Amino acid sequence: MFKDSFIVITGGSSGLGKALAQRFIKCGANLALIARDKNKLSMIREDLSALCTSGQRIEIFPCDVSDYAAIEKTMNTIADTIGLPDILVNSAGILTEGYFEKIPLSTFHEVMDINFFGILNCIKAILPIFRKKREGRIVNISSLAGKIGTFGYTAYCSSKFAVIGLTDVLRAELKPLNIKLHVVCPGEFESPMVDELNTYRTTENRVVAQTVPVLSLDAVADDVIKGIEKERYLIIPGFIARFLEMTSRWFPSISRAIIDYQISRVYRSPQ
Ligand SMILES: NC(=O)c1ccc[n+]([C@@H]2O[C@H](COP(=O)([O-])OP(=O)(O)OC[C@H]3O[C@@H](n4cnc5c(N)ncnc54)[C@H](OP(=O)(O)O)[C@@H]3O)[C@@H](O)[C@H]2O)c1
């Protein structure tokens, strides 16, 4: 499915974006990777080049997804210099955790600007290109925290719930244009994002978020690839995460009671 296809990946320099890039390259795809840090992108391109067969291309485009003008210019440069992309993977994102009252307003704006508007910007910018091509595929990385409210994630959950809303509407709106959408909702997995979170997270957040065992990056990336190949709209890596998402949908009061019980245990345990 991915052989000879051309895939744009935001957040392609780290974590899930990078793990997906490795898999796409092994399948014979060509890549354009977007992230802010040019040095990190260059290092990843070097690593990925070792997996390439002759003729495969990996190009890097340092750009901030929250800056619409810059993203529009980048997408047009990609189309003019490499060709019309087949797939857009929106993996760029940031995470902050903490008590709502302590999180400054500016952090809410920053998280929404990157996690939600970053995805919206990339889709807006690539849509004219997909229209020209008369087809396209968009993979939006949300989170299980975009399905279930998670302690300490007021900013993050808001942005990830918004991504699911956006994707749900676009799935129907873009179908007649032959543009397919997927939304990916992983629970926690091993990545630099989580390494950083572990340096400051609240106990309540760790207990609630890790109701789902932390998955390996490889397991998540493999499930995402499988989900795309099987044309699944909603991709939730891992059985326990799928079970929890279903429970929260079918039995929301049970789901809330479990969360409240977990938090009450944290407050009862000696500090
Ligand atoms: N890790 C988890 O447990 C987990 C669970 C559920 C969902 N997710 C979601 O999965 C996605 C990938 O997460 P990850 O764990 O792989 O994170 P990661 O390792 O921290 O990678 C994040 C990537 O996004 C890029 N990025 C961040 N802000 C950007 C911006 N403004 N413009 C362009 N690129 C930007 C980063 O590069 P630069 O900093 O150089 O820009 C980096 O390449 C995120 O959307 C995250 O919310 C993660």
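Note that the structure is a prediction, hence the values are computed from the model and not measured.

J.: Is there a simple way to think about the nonpolar core in this case?
T.: Where a protein is soluble and globular, its nonpolar side chains tend to be buried together. The biggest cluster of nonpolar side chains holds 34 residues, and the ones touching the most others in it are Ile34, Ile71, Met75, Ile78, Leu88 and Ile138. Of all the secondary-structure elements, those providing two or more residues to this core are strand E1 (6-10), strand E2 (30-35), helix H3 (68-81), helix H4 (105-133), helix H5 (154-174) and strand E6 (179-184). Counting residues per element, this core draws most heavily on H4, which supplies 11 residues. Ignoring sequence-local partners within four residues, the contact set of Ile138 consists of Leu88, Asn90, Ile123, Phe130, Leu174, Ile179, Lys180, Leu181 and His182.

J.: Help me understand the sheet that holds strand E3 (residues 58-62) in this model?
T.: In a beta sheet, neighbouring strands pair by backbone hydrogen bonds and run either parallel or antiparallel. A sheet is described by the order of its strands in space; here 7 strands give the open sequence E3-E2-E1-E4-E5-E6-E7, paired in parallel fashion. The open sheet is flanked by E3 and strand E7 (234-235), the only strands paired with a single partner. By the bridge criterion, 5 bridges tie E2 to E3 in an arrangement that is parallel. When the bridges of E3 are listed, Leu33 appears paired with Ile60. Strand contacts of helix H1 (residues 15-26): E1, E2, E3, strand E4 (87-90) and strand E5 (136-141), with the helix running at about 165 degrees to E1, the strand carrying the most contacts. Sheet contacts for H5: E5 and E6; angle to E6, the most-contacted strand, approximately 155 degrees.

J.: When you look at the site of the ligand in this model, what are you seeing that I'm missing?
T.: The immediate surroundings of the ligand are formed by 30 residues, with Ser13, Ser14, Leu16, Tyr156 and Ser191 found nearest. Interatomic distance of 2.7 Å between a side-chain N/O atom of Ser13 and an oxygen atom of the ligand. Residue Asp64 places a side-chain N or O atom 2.8 Å away from a nitrogen atom belonging to the ligand. Contact with the protein chains covers 94% of the free accessible surface of the ligand, which is 890 Å². Among the elements of the structure, H1, H5 and helix H6 (192-197) are those that each provide at least two residues to the shell around the ligand. Of the residues forming the shell around the ligand, the biggest block, 3 residues, is contributed by H6. Each residue belonging to the shell around the ligand can be placed in one class, and the counts come to 14 nonpolar, 10 polar and 6 charged.

J.: Which parts of the structure should I look at to understand the packing of aromatic side chains?
T.: The description of two aromatic rings rests on the distance between their centres and on the angle between their planes. Throughout the structure, instances matching the rule amount to 6 aromatic pairs. Geometrically, the ring pair formed by Phe239 and Phe243 is stacked, given 6.4 Å between the ring centres and 20 degrees between the ring planes. One end of the pair is Phe239 and the other is Phe243, both in helix H9 (residues 239-250) and 4 residues apart, which spans about a single turn. Residue Phe239 is classed as exposed on the basis of its relative accessible area of 61%. Between the NZ or CZ atom of Arg171 and the centre of the ring of Tyr233, over which it lies, the distance is 5.9 Å.

J.: Sorry if this is basic, but what is going on with the pairing of E6 here?
T.: Consecutive residues of a regular strand have side chains that alternate between opposite faces of the sheet. Of all 6 residues making up E6, 5 are buried, and the element is well covered by its neighbours. Two elements, E5 and E6, share 6 bridges in a ladder whose sense is parallel. Residue pairing in the sheet places Arg137 in a bridge with Lys180 of E6. Handedness of the crossover joining E5 and E6 through H5 is recorded here as right-handed. Two elements, E6 and E7, share 2 bridges in a ladder whose sense is parallel. What sits directly across from Val183, in E7, is Leu234.

J.: Can you walk me through the environment of Arg137 in this structure?
T.: Position of Arg137 relative to the elements: it lies in strand E5. Since its relative accessible area comes to 9%, Arg137 is described here as buried. Each C-alpha atom, one on Arg137 and one on Pro85, is 9.2 Å from the other, the two residues being 52 residues apart in sequence. In this view, Arg137 contacts Met1, Asp86, Ile87, Leu88, Phe130, Ile179, Lys180, His182, Ile228 and Glu231; residues no more than four positions away in its chain are not counted.

J.: I would appreciate a short explanation of helix H2 (residues 38-49) in the present structure.
T.: Spacing of three or four residues puts side chains on the same side of an α-helix, whose turn is 3.6 residues. Taking 1.5 Å per residue as the helical rise, H2 with its 12 residues ought to reach 16 Å, and the 16 Å between its terminal C-alpha atoms agrees with that figure. Listed in full, the buried residues belonging to H2 are Leu41, Ile44 and Leu48. Within H2, the buried residues cover an arc of 65 degrees as seen down the axis, which keeps them to one side. Exposed residues on H2 whose side chains face more than 90 degrees from its buried face are Asn39, Met43 and Glu46.

J.: Help me understand a nonpolar patch on the surface, please; the structure alone is not making it clear to me.
T.: A cluster of nonpolar side chains, Phe239, Ile240, Phe243, Met246, Trp250, Phe251, Ile254 and Ile258, forms an exposed patch at the surface whose accessible area comes to about 830 Å². Among the secondary structure elements, those contributing two or more residues to the nonpolar patch are H9 and helix H10 (252-268). In terms of residue count, the dominant contributor to the nonpolar patch is H9 (5 residues). Tracing the chain through its elements places Met246 in helix H9. A relative accessible area of 33% places Met246 in the partly exposed class.

What counts and what doesn't
Residues numbered from 1 in each chain as written. Predicted model: local features only at pLDDT ≥ 70, side-chain atom pairs only at ≥ 80, totals over all residues. Heavy atoms only, no water. Core = buried A, V, L, I, M, F, W, Y, C linked by side-chain atoms within 4.5 Å. Buried < 20%, exposed > 50% of the residue type's maximum accessible area, 1.4 Å probe, protein only. Helix = DSSP H or I, 4+ residues; strand = E, 2+ residues; numbered from the N terminus. Contact = heavy atoms within 4.5 Å. Pairing = 2+ DSSP bridges. Axes fitted to C-alpha atoms, helices over the stretch in contact; angles between N-to-C directions. Near = heavy atom within 4 Å. Polar contact = N/O pair within 3.5 Å; in protein donor to acceptor, adjacent residues only side chain to side chain. Areas by Shrake-Rupley, 256 points an atom, 1.4 Å probe, with all protein chains shown as cover. Nonpolar A, V, L, I, M, F, W, Y, C, P; charged D, E, K, R; others polar. Phe/Tyr/Trp six-rings, centres within 6.5 Å; stacked < 30°, edge-to-face > 60°. Lys NZ or Arg CZ within 6 Å of the ring centre and 35° of its normal. Right-handed = clockwise from strand over helix to strand, strands pointing away. Expected span 1.5 Å × (residues − 1). Arc of directions from axis to C-beta. Patch = residues over 30% accessible without salt bridge, like charges linked within 9 Å, V, L, I, M, F, W, Y side chains within 5 Å. Salt bridge = Lys/Arg side-chain N within 4 Å of Asp/Glu carboxyl O.

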